Amino acid sequence: MDSKIEIKVTNPKKRDTTEHQLRSGHTASQTLPSSSSLPLSDGQRRGHGNGHRHREGQQQLGWTVDFMPFKKWVPWLIPGFVLVNIFLFIITMYINNCPNTSNNCVGKFLGRFSFQPFKENPLLGPSARTLEKMGALEVNKVVKEHEAWRMISCIWLHAGVFHILANMLSLLFIGIRLEQEFGFVRIGLLYLIAGFGGSLMSSLFIQSRISVGASGALFGLLGSMLSELITNWTIYANKFAALLTLVLVIVINLAVGVLPHVDNFAHIGGFISGFLLGFVFLIRPQFGYVSEKKVPPGYIIPSRKPKHQTYQCVLWVVSLILLIVVFALGLYILFLEGGNLNDRCSWCHYMSCIPTPLWSCRPRHVYCRSTVFGKTMNLTCIGNGKSEIYTLTEENSSQLQHLCSKLCT
């Protein structure tokens, strides 16, 4: 004799009870999903504590529920960002045209795409003057010449092949997963705002050199992953393992930033911005609320679940207020007070570089801005603001760098 399973459901329109008899081995055409029977939406990334046991029971009974709680997006924006960065690097190298300024270019067979000498740029890339021309972050130009657009343009530029390779691989690894989960609008906004936050903090502390790179925006994505884990804590499986792994990755990356010649202030600023933005952009509704949206028509829901929990709403409000206050305060200090926060914080420079017997935290390169007036050239040191006027001669880039070093010493 075949065993039978009786399922009782209530029709809200007729207010009567009906019975459906299912034979073992048959598939139910209609089932009522519950918050305790939700499958993981992304491998083992998300899930409910009882979901696995409930699914095993379903399989033993011979019927299954196909339930997808969250939409999966096709990632295209992050790969597009990668292509834009690569395209701009190629354009930068074309404009740089190393053979026109130096006889010691690296990779001369590349013609005008060859790299600056290793002593000038060990990352296989263009000169600092070319990066400045393309939109690198330089505090004097941002504050005194009102070129605030550099705080965004700098995140699309890179100092060399090694620099762009490391950043773009990280962007693909981190960004594609986030875009699949949350869509291109939220991740695109998060990337740009976090990049701006990194540039803002870099401008407040780095006064002596230019800054380029997508690292601030990348750390923003890392920060948003941490806050997303916190705000969506109840829908995660293996919560503490995920938290420990993510914190370890963040700590290692921030620790690398204390090495010399790395703009860790951009990393920290981007991370803080992304952390706060994650509470705003990456909030998820509860599984109970989502499952109710998937209930077949005509079934009564025993109790309505709120879309978000109280702590999620509190984090959303607090994070948005903090983000606005921090950005407004930073912009006020930078543009209205000419902000150099190193004057107010004697130890903050250690967040970007910690000197040891193995290395020095002094800038490896000095940067100058040149302005030509007829047969004279006005050379200004970016670090200390000193200026000198020189008569134009047939000087190559190494002689010009020597004059710059002398002026900045």
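Here is what the cut-offs are and how they apply
Residues numbered from 1 in each chain as written. Predicted model: local features only at pLDDT ≥ 70, side-chain atom pairs only at ≥ 80, totals over all residues. Heavy atoms only, no water. Axes fitted to C-alpha atoms, helices over the stretch in contact; angles between N-to-C directions. Helix = DSSP H or I, 4+ residues; strand = E, 2+ residues; numbered from the N terminus. Left-handed = near helix turned anticlockwise from the far one by under 90°. Contact = heavy atoms within 4.5 Å. Nonpolar A, V, L, I, M, F, W, Y, C, P; charged D, E, K, R; others polar. pLDDT = per-residue confidence, 0-100. Expected span 1.5 Å × (residues − 1). Buried < 20%, exposed > 50% of the residue type's maximum accessible area, 1.4 Å probe, protein only. Polar contact = N/O pair within 3.5 Å; in protein donor to acceptor, adjacent residues only side chain to side chain. Salt bridge = Lys/Arg side-chain N within 4 Å of Asp/Glu carboxyl O. Disulfide = S-S within 2.5 Å.

## Some points on the packing of helix α8 (residues 215-231) against helix α10 (residues 264-281)
(1) Moving on: For the pair α8 and α10, interaxial distance at closest approach is 6 Å and the crossing angle is 35°. The two elements α8 and α10 cross, and the hand of that crossing is right-handed. Residues S215, G216, F219, G220, L222, G223, S224, L226, S227, I230 and T231 of α8 lie in contact with α10, whose contacting residues are A266, H267, G270, F271, G274, F275, G278 and F279.
(2) Moving on: In the contact of α8 with α10, the residues fall into 8 nonpolar, 11 polar and no charged.

## Examining the confidence of the model for the chain
(1) Moving on: On average, residues of the chain score 77 in pLDDT, and 71% of them reach the 70 mark or higher.
(2) Moving on: By mean pLDDT, strand β2 (residues 16-23) is the weakest element of the chain at 39, and helix α2 (residues 77-96) is the strongest at 96.
(3) Moving on: Ignoring residues within four places in sequence, the model shows residues 1-67, a span with pLDDT below 50, making 114 contacts including any to other chains.

## Focus: α10
(1) Moving on: Look at α10: 25 Å from first C-alpha to last across 18 residues, which is about the 26 Å you get at 1.5 Å a residue.
(2) Moving on: Extensive coverage of α10 is indicated by the burial of 16 of its 18 residues.
(3) Moving on: The N-terminus of α10 is capped by D263, whose side-chain oxygen sits 3.3 Å from the backbone nitrogen of F265.

## Considering the pattern of salt bridges
Two side chains of opposite charge can pair, provided their charged atoms sit close to one another.
(1) Moving on: Summed over all chains, the structure comprises 6 salt bridges.
(2) Moving on: The partner of K72 in a salt bridge is E181, with the nearest N and O atoms 2.6 Å apart. Of the two residues, K72 is situated in the loop between α1 (51-61) and α2 and E181 in helix α6 (residues 161-182); the sequence distance between them amounts to 109 residues.
(3) Moving on: Its salt-bridge partner being E181, residue R284 comes within 2.9 Å of it at the nearest N-O pair. You can see R284 sitting in the loop between α10 and α11 (287-293) and its partner E181 sitting in helix α6, a full 103 residues away along the chain.
(4) Moving on: On the basis of relative accessible area, R284 is assigned to the buried category, the value being 6%.

## Considerations on the state of the cysteines
Should the sulfur atoms of two cysteines be covalently bonded, the bond is a disulfide.
(1) Moving on: Inspection of every chain in the model, using the stated rule, returns 2 disulfides.
(2) Moving on: Bridging C98 to C105, the disulfide has an S-S length of 2.0 Å. Between C98 and C105, the disulfide has an S-S torsion of -100° and is therefore left-handed. Of the two residues examined, C98 and C105, each falls in the buried class.
(3) Moving on: The residue that forms a disulfide with C345 is C348, at a sulfur-sulfur distance of 1.9 Å. Across the S-S bond linking C345 and C348, the dihedral sits near 85°, which makes this disulfide right-handed. Here the two residues C345 and C348 agree in accessibility, since each one is buried.

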